[in-house]
Amino acid sequence: QNVTMEEAAPTGAAFGVAMGFSEDDPDQLKKMKKVSFQEIFNTPGSDQFSTILIDGDSMETDAITGFVTGENHKVPVIVGSNANEGGLFYALGEQVPVFIAGISPAFSQYVPVNTSEKYEGFVRQLYGSDADKALSFYPADKPLESGASMLTDSFYTVTADIIAEAMANRGEDVRMYHFNQSLGGPAERLGPIHG
């Protein structure tokens, strides 16, 4: 969803408060611009404030729409996903099979989606009359595995496919990847995760 500067301002002010800068301080934004990336990243809840600002200047549309409509820069692109992108988020406790639905109040009774009952309720709420079809691909008897797979497919794999197909249809130089090799060490049990 495109977000204007005016719509994003309250979110920015709220993030400033989370960082310790009063929203009543006229220099809040100036102070926020001086902090390091690490300070931003370490701010509790920083992942809840991520959005793409469509300001009509530096960003005229969201990235996917830009690729679909051909507004992207005409440079070679490599796009793809890892086989278990969603596994990282599930391992970190962010157990939501579809990100945007997970923040909707209509789904709050199912979050975190970590049991068969919650998972099936989430899928039925999200897919309605198509829920049985979705559950045939992502079964409720393995809620963590199915949820991570649904997140991988819905947020990463499909997005990469949409971008690649749009570019290829215009004859643009696009290559796809799909990584299925696990990291070594302690993370190996998670498979080829996001990151």
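Counting starts from 1 at the beginning of each chain's written sequence and moves along it residue by residue. The predicted nature of this model means local features are confined to residues of pLDDT at least 70 and side-chain atom pairs, given and counted, to a pLDDT of 80 or more, with totals for whole chains, interfaces and linings taken over all residues. To get the side-chain values, all heavy atoms of the structure are used, and hydrogens and water are removed first.

Enquirer: Looking at this model, I keep getting lost on the overall build of the protein. Mind explaining?
Expert: Where helices and strands are cited, they refer to DSSP runs of H or I of at least four residues and of E of at least two residues respectively, numbered from the N terminus. From N to C terminus, the protein includes nine helices and two strands. Ordered by position from N to C terminus, the α and β elements of the protein give α-α-α-α-β-α-α-α-α-α-β. Scored against the burial criterion, the 195 residues of the protein give a buried share of 36%. Residues are treated as being in contact if the distance between any of their heavy atoms lies within 4.5 Å. Here the analysis covers contacts within the protein between residues at least 6 apart in sequence; of these, 59% occur between residues at least 24 apart. Accessibility throughout is a Shrake-Rupley quantity obtained with a 1.4 Å probe, and a residue counts as covered only by protein chains that appear here. As displayed, the protein offers around 12300 Å² of accessible surface, 56% of which is attributable to carbon and sulfur atoms. Exposed residues in this analysis have more than 50% of their type's maximum accessible area, buried residues have under 20%, and partly exposed residues fall in between, with area computed by a 1.4 Å probe over protein chains only.

Enquirer: Where do I start with the packing of aromatic side chains in this structure?
Expert: Two aromatic rings, taken as a pair, are described by how far apart their centres are and by the angle between their planes. Note on aromatic pairs: the rings of Phe, Tyr and Trp (six-membered ring only in Trp) are paired at centre separations within 6.5 Å, and the planes decide the class, stacked below 30 degrees, edge-to-face beyond 60, tilted for the rest. For the structure shown, the criterion picks out four aromatic pairs. Ring centres 4.9 Å apart and planes at 50° place the aromatic pair F107 and F122 in the tilted group. Linking F107 in the loop between helix 6 (99-102) and helix 7 (116-127) with F122 in helix 7, this pair joins segments that are 15 residues apart in sequence. F122 matches F107 in its accessibility class, with the two residues each being buried. One aromatic cluster is present, built from ring pairs that chain together F89, F155 and Y156.

Enquirer: Where do I start with the environment of G191 in this structure?
Expert: Within the secondary structure layout, G191 lies in the segment after strand 2 (174-179). Relative accessible area serves as the criterion here: at 11%, G191 is assigned to the buried category. Sequence-distant contacts of G191, defined by excluding residues within four places in its chain, comprise S182 and L183.

Enquirer: Which parts of the structure should I look at to understand unusual backbone geometry?
Expert: Only a minority of non-glycine residues have a phi that is not negative, and only a minority of peptide bonds are not trans. Cis rather than trans, the peptide bond between V111 and P112 has omega equal to 0°. Note on placement: P112 falls in the loop between helix 6 and helix 7.

Enquirer: What is the right way to look at the pairing of strand 1 (residues 77-82) in this model?
Expert: A regular strand places its side chains on the two faces of the sheet in alternate fashion. Buried residues dominate strand 1, accounting for five of its six residues. In terms of strand pairing, strand 1 meets strand 2 through six bridges, oriented parallel. Among the inter-strand pairings, I78 is bridged to a residue of strand 2, identified as R175. Criterion used throughout: strands pair if DSSP finds at least two bridges between them.

Enquirer: Would you take a moment to explain helix 9 (residues 143-169) for this structure?
Expert: Because an α-helix packs 3.6 residues into every turn, residues spaced three or four apart end up facing the same way. The span expected for a helix works out to 1.5 Å for each residue beyond the first. Between its first and last C-alpha, helix 9 extends 37 Å over 27 residues, near the 39 Å set by a 1.5 Å rise per residue. Two axes enter the definition of the bend at a residue: one is fitted to the seven residues ending there, the other to the seven starting there, and the bend is the angle between them. Its maximal kink placed at D153, helix 9 deviates by approximately 35°.

Enquirer: I keep staring at helix 7 and nothing clicks. Help me out?
Expert: Taking 1.5 Å per residue, 12 residues should reach 16 Å; helix 7 reaches 16 Å between its end C-alpha atoms and fits that length. Listing the buried residues of helix 7 in full gives Y119, G121, F122 and V123. In the segment just after helix 7, G128 is the residue with positive phi, at about 55°.

Enquirer: Looking at this structure, I do not really get the packing of helix 7 against helix 9. What am I missing?
Expert: A packed helix pair is summarised by two numbers, namely the angle formed by the two axes and the spacing between the axes. It is the contact of helix 7 with helix 9, at a shortest axis distance of 9 Å, that shows an interaxial angle of 35°. Note on element contacts: helix 9 touches helix 7 through P143, S146, G147 and M150, opposite S116, Y119, V123 and Y127. Charged residues are taken to be Asp, Glu, Lys and Arg, nonpolar residues to be Ala, Val, Leu, Ile, Met, Phe, Trp, Tyr, Cys and Pro, and polar residues to be all remaining types, Gly included. Looking at the contact of helix 7 with helix 9 residue by residue, the classes come out as five nonpolar, three polar and no charged. To define axes, lines are fitted to C-alpha atoms, for helices over the stretch in contact only, and angles between the resulting N-to-C directions are given on a 0 to 180 degree scale.

Enquirer: Sorry, what's going on with the side chain of Q28 here?
Expert: Within the fold, Q28 resides in helix 2 (residues 28-33). Excluding anything up to four places from it in sequence, Q28 contacts A13, G16, V17, F21, S22 and E23.

Enquirer: What's the story with the pattern of salt bridges in this structure? I'm lost.
Expert: A side chain with one charge may pair with a side chain of the opposite charge, provided their charged atoms come close. A pairing counts as a salt bridge when a side-chain nitrogen of Lys or Arg comes within 4 Å of a carboxyl oxygen of Asp or Glu. Inspection of every chain in the model, using the stated rule, returns seven salt bridges. E172 is the salt-bridge partner of K74, the closest N and O atoms lying 3.4 Å from each other. With a gap of 98 residues between them, K74 in the loop between helix 4 (63-69) and strand 1 and E172 in the loop between helix 9 and strand 2 connect regions that are remote in the sequence. Among the salt bridges present, the one from R170 reaches E172, with a minimum N-O distance of 2.5 Å. Residue class for R170 comes out partly exposed when judged on its relative accessible area of 33%. Each of K74, R170 and E172 takes part in salt bridges that share partners, so that together they form one network.

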